[in-house]
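Reading the structure
Below are the chains, spelled out letter by letter.
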Amino acid sequence: MMAFRLPGLHRRRSLTGAYLSSRGTSSSAVTSVLLRTASSPRTGRPLASASSSLASRAGVSASHVSFKRTGELSLAFTATSISSHLPSTSCRANSSLASAHPLPAAPWLTHNTSGTDSMGTSAVTSRSPPKYANFINGQFVASESTRLIDVTDPATNSVIAYVPQSSTEEMQMATDAAKAAYLKWREVPVQQRQRIMLQLQGLIRDNHDELAYLITAEQGKTLSDARGDVFRGLEVVESACSIGDLLLGETIENLADGLDCVSYRQPLGVCSGVCPFNFPAMIPLWMFPIAITAGNSFIIKPSEKTPGACMMLAQLAKEAGLPDGVLNVIHGAKDAVDYLCDAPDIRAISFVGSNTTGEYIHARGTSNGKRVQANLGAKNHSVILPDYPKTTAKAIAGAAFGAAGQRCMALSAAVFVGDAKAVVTDIVEEAKKFTVGCGFTEGVDVGPLISPESKTRVEQLVTQAIEQGAKLELDGRGTLVNGYTGNFVAPTILSNVDPSNIAHKEEIFGPVLVCLEANTLDDAIELINNNPYGNGCAIFTQNGACARKFQHEIDVGQVGINVPIPVPLPFFSFTGSRGSIRGDIHFCKFSVSI
């Protein structure tokens, strides 16, 4: 496998792939990519078995699991046996229990006896689920807000916690704390800031399973996906441990007689981040470690649907030695976003999410003089040539349906050139092997969508696509999982899709693969370049010349050669383009806010 960044002044692209010879002797390169994403980076054991690691790691029965860590924080919960959520692995029937998975007791969770839920009704009593606190100036501070947002278990739609809409006063407190902390933090030598990141990455490794549990409980993805979520974020923290080279300035001597010129890279000040629901650990770790290690302070707003992992990361950052006020966490929806866009003391905003929200934040933030980087939506295409490798069907199925299709790099569209359309049958057979169910159930491949509204939207888009002429090869609508009342949609495949079909034009954000056809590689490239998005794409071929032509002519930020999801490592940065990005600063390596 090779990975490299294509240079350019205004656009950066990442190409990841393995050229396959005509003999197919390099097919193991693709297999190795798949295996790495399917095994634990810490233990090497298959991630599919990670759902039982919580109890076994604690060394006690599954009916009482205690999470032990260094420092002040000790998470503990007593709940229905985890093993009781690990019954059958048969598709669409995975459990006889339908209770929500409770959140472990934690310092960021409080109980409040007053408040109204997202429907405006009085919802909070002494027996109600806990309410999230803010994290301000190094302390978890209970919010005084009575405006609450439900946090639900997507497998059951049971309310497991509430998120407050942080009040204006609380958000201002966070800003004041960040502003005061920045004045001292920027004077800390970079090597000392790096050492805190070194401590943080160790704590994240030590608490990998605990973070994964919180992600699965609130987001619904399988434990193996949740562990991958944490690990990909951890890689950014590791990169922050050696950020010094990225902070170097420039100099030239003898600019004039006896005159030298020196430029310095300096931190901006208070920066902020707005996170999506689909990667509760990875996206916060894309944001605050790099900005903080560069000398900024940070205010982060996790998704109101999945705040738990971000709160735990804030606690771990404090344990790692991060001074009070350098990192702060507020909560809410649009009101919190508007505050971050408008507050004069906040200098920059990072965002990952939908086009509608991202374009709004970019417009409002930049109008207030802020620097904004925004990763937006996507419609990622794969091109399959007639000489596709034998692993293609499996690779496409995993990239299309993994994480229930709720990721901006999901391979949601496949373009078959010429006779390659015969592989559609193989993809359907691979998709039928996927097990749908609760993310805590061992052997499950596809968890629930985040909300009932998401399920309804996905199913409606599939129905509309069929009405517009698409052929239904595999129908995942109406999926039922025994014992659960969650938002389940099984892998769905549509063929005979025209580029004007709604299933191709919209980002579905569910386990749906749309299949298109092209006569030639040139036609396939033109089809993709006419799509407004530019996040990622891939080609499956054993012809090096075709692969070279594709990567050279395609107008997409991240390109995979026989690799379905070509996400580069942090030191290459995440390089979406065109309609998939607003702003001119990419995440990770090139997101240092200076």
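Look up a bit, the structure's there.
Model, not experiment: these values are computed from the prediction.

A closer look at the overall build of the protein
When you go through the protein residue by residue, the secondary structure sums to 16 helices and 27 strands. Expressed as a percentage of its 594 residues, the buried residues of the protein come to 58%. Contacts in the protein between residues far apart in sequence, at least 24 positions, make up 72% of those at least 6 positions apart.

Topic: the packing of aromatic side chains
Think of a pair of aromatic rings as described by two things: how far the centres are apart, and how the planes are tilted against each other in angle. Considering all chains together, one arrives at five aromatic pairs under this definition. On the basis of an interplanar angle of 55° and a centroid distance of 5.8 Å, the ring pair of tryptophan 108 and phenylalanine 140 is categorised as tilted. In this pair, tryptophan 108 sits in the loop between strand 4 (75-78) and strand 5 (109-110) while phenylalanine 140 sits in strand 8 (residues 139-141), placing the two residues 32 residues apart along the sequence. Classification of tryptophan 108 by relative accessible area gives buried; the value is 2%. Ring centres 6.1 Å apart and planes at 85° place the aromatic pair phenylalanine 277 and phenylalanine 509 in the edge-to-face group. With phenylalanine 277 in the loop between strand 13 (270-274) and helix 7 (282-293) and phenylalanine 509 in the loop between helix 14 (502-505) and strand 22 (512-518), this residue pair connects regions lying 232 residues apart in the sequence. Judged by its relative accessible area of 23%, phenylalanine 509 falls in the partly exposed class. For lysine 221, the ring lying beneath its charged end belongs to phenylalanine 279, and the centroid distance is 4.0 Å.

Some words on a nonpolar patch on the surface
On the surface, a nonpolar cluster with roughly 280 Å² of combined accessible area is contributed by Ile252, Leu255 and Leu259. The topology assignment puts isoleucine 252 in strand 11 (residues 250-256). Since its relative accessible area comes to 48%, isoleucine 252 is described here as partly exposed.

Thoughts on the pairing of strand 25 (residues 558-561)
Side chains Gln558 and Gly560 project from strand 25 onto one buried face, and the interleaved Val559 and Ile561 project onto a second face that is buried too. With four bridges joining them, strand 24 (residues 536-540) and strand 25 adopt parallel strand pairing. Paired with isoleucine 539 across the strands is isoleucine 561, a residue of strand 25. For the crossover from strand 24 across helix 16 (residues 544-553) to strand 25, the handedness is right-handed.

Structural notes on the packing of helix 4 (residues 190-206) against helix 8 (residues 308-319)
One way to put it is that helix 4 packs onto helix 8 with a least axis distance of 9 Å and a crossing angle of 130°. Between helix 4 and helix 8, the angle falls in the class oblique. Both helix 4 and helix 8 take part in a crossing whose hand is right-handed. Note on element contacts: helix 8 touches helix 4 through Leu313, Leu316, Ala317 and Glu319, opposite Leu200, Leu203 and Ile204. Classifying every residue of the contact of helix 4 with helix 8 by side-chain character gives six nonpolar, no polar and one charged.

Quick word on the packing of helix 15 (residues 521-530) against helix 16
Interaxial distance between helix 15 and helix 16 falls to 11 Å at its minimum, and their mutual angle equals 25°. With respect to each other, helix 15 and helix 16 are oriented roughly parallel. Here helix 15 and helix 16 pass one another in a crossing that is right-handed. Here helix 15 contributes Leu521, Asp522, Ile525, Ile528 and Asn529 to the contact with helix 16, which in turn contributes Cys546, Lys549, Phe550 and Glu553. Classifying every residue of the contact of helix 15 with helix 16 gives five nonpolar, one polar and three charged.

Focus on the pattern of salt bridges
For the structure on display, the rule yields 21 salt bridges. A salt bridge links lysine 221 to aspartate 229, with the shortest nitrogen-to-oxygen separation between them at 3.1 Å. For the pair shown, lysine 221 and aspartate 229 are each scored as buried. Residues joined by salt bridges that share partners form a network here, namely Lys334, Asp338, Asp342 and Arg364.

Topic: the environment of glutamine 468
For glutamine 468, the location among the structural elements is in the loop between helix 13 (452-467) and strand 20 (471-474). It is 7.9 Å that separates the C-alpha atoms of glutamine 468 and isoleucine 502, two residues lying 34 residues apart in sequence.

Some points on the nonpolar core
Judged by nonpolar contacts, the single largest core of 139 residues is most densely connected at Ile204, Val383 and Phe550. Looking at which element gives the most residues to this core, the answer is helix 7, with nine residues. Those residues within four positions of valine 383 in sequence are excluded, and the remaining contacts are Val415, Val417, Leu521, Ala524, Ile528, Ala538, Ile539, Phe540 and Phe550. Of all hydrophobic cores here, the second largest spans 22 residues; its members include Ala177, Leu340, Val372 and Ala374.

Notes on the side chain of lysine 221
In this structure, lysine 221 sits in the loop between helix 5 (208-219) and helix 6 (223-240). Assessed through its relative accessible area of 5%, lysine 221 is described here as buried. At a separation of 3.1 Å, a polar atom in the side chain of lysine 221 contacts the side chain of aspartate 229.

So, the side chain of glutamate 235
Locating glutamate 235 in the fold gives a position in helix 6. For glutamate 235, a relative accessible area of 14% gives the class buried. A polar side-chain atom of glutamate 235 sits 2.8 Å from a polar atom in the side chain of arginine 232. With sequence-adjacent residues up to four places away left out, glutamate 235 is seen in contact with Leu569 and Pro570.

Comments concerning the pairing of strand 17 (residues 371-375)
Of all the five residues making up strand 17, four are buried; the element is thus mostly covered by neighbouring parts of the structure. Of the strand pairs in this sheet, strand 16 (residues 346-352) and strand 17 are connected by five bridges, and their pairing is parallel. Bridged to serine 350 within strand 17 is glutamine 373. Once the chain exits strand 16 it traverses helix 10 (residues 355-367) before rejoining the sheet at strand 17, and the crossover so formed is right-handed. In this sheet, strand 27 (residues 581-582) lies alongside strand 17 in antiparallel orientation, the contact comprising two bridges. Looking across to strand 27, one finds that alanine 374 is bridged to arginine 582.

What about the state of the cysteines?
Scanning all chains against the criterion turns up zero disulfides. Not engaged in a disulfide, the cysteine cysteine 275 finds its nearest cysteine sulfur in cysteine 310; these two sulfurs lie 5.6 Å apart. For cysteine 275, a relative accessible area of 7% gives the class buried.

Calculation rules
Residues numbered from 1 in each chain as written. Predicted model: local features only at pLDDT ≥ 70, side-chain atom pairs only at ≥ 80, totals over all residues. Heavy atoms only, no water. Helix = DSSP H or I, 4+ residues; strand = E, 2+ residues; numbered from the N terminus. Buried < 20%, exposed > 50% of the residue type's maximum accessible area, 1.4 Å probe, protein only. Contact = heavy atoms within 4.5 Å. Phe/Tyr/Trp six-rings, centres within 6.5 Å; stacked < 30°, edge-to-face > 60°. Lys NZ or Arg CZ within 6 Å of the ring centre and 35° of its normal. Patch = residues over 30% accessible without salt bridge, like charges linked within 9 Å, V, L, I, M, F, W, Y side chains within 5 Å. Areas by Shrake-Rupley, 256 points an atom, 1.4 Å probe, with all protein chains shown as cover. Salt bridge = Lys/Arg side-chain N within 4 Å of Asp/Glu carboxyl O. Pairing = 2+ DSSP bridges. Right-handed = clockwise from strand over helix to strand, strands pointing away. Axes fitted to C-alpha atoms, helices over the stretch in contact; angles between N-to-C directions. Parallel < 35°, antiparallel > 145°, perpendicular 65-115°, else oblique. Left-handed = near helix turned anticlockwise from the far one by under 90°. Nonpolar A, V, L, I, M, F, W, Y, C, P; charged D, E, K, R; others polar. Core = buried A, V, L, I, M, F, W, Y, C linked by side-chain atoms within 4.5 Å. Polar contact = N/O pair within 3.5 Å; in protein donor to acceptor, adjacent residues only side chain to side chain. Disulfide = S-S within 2.5 Å.

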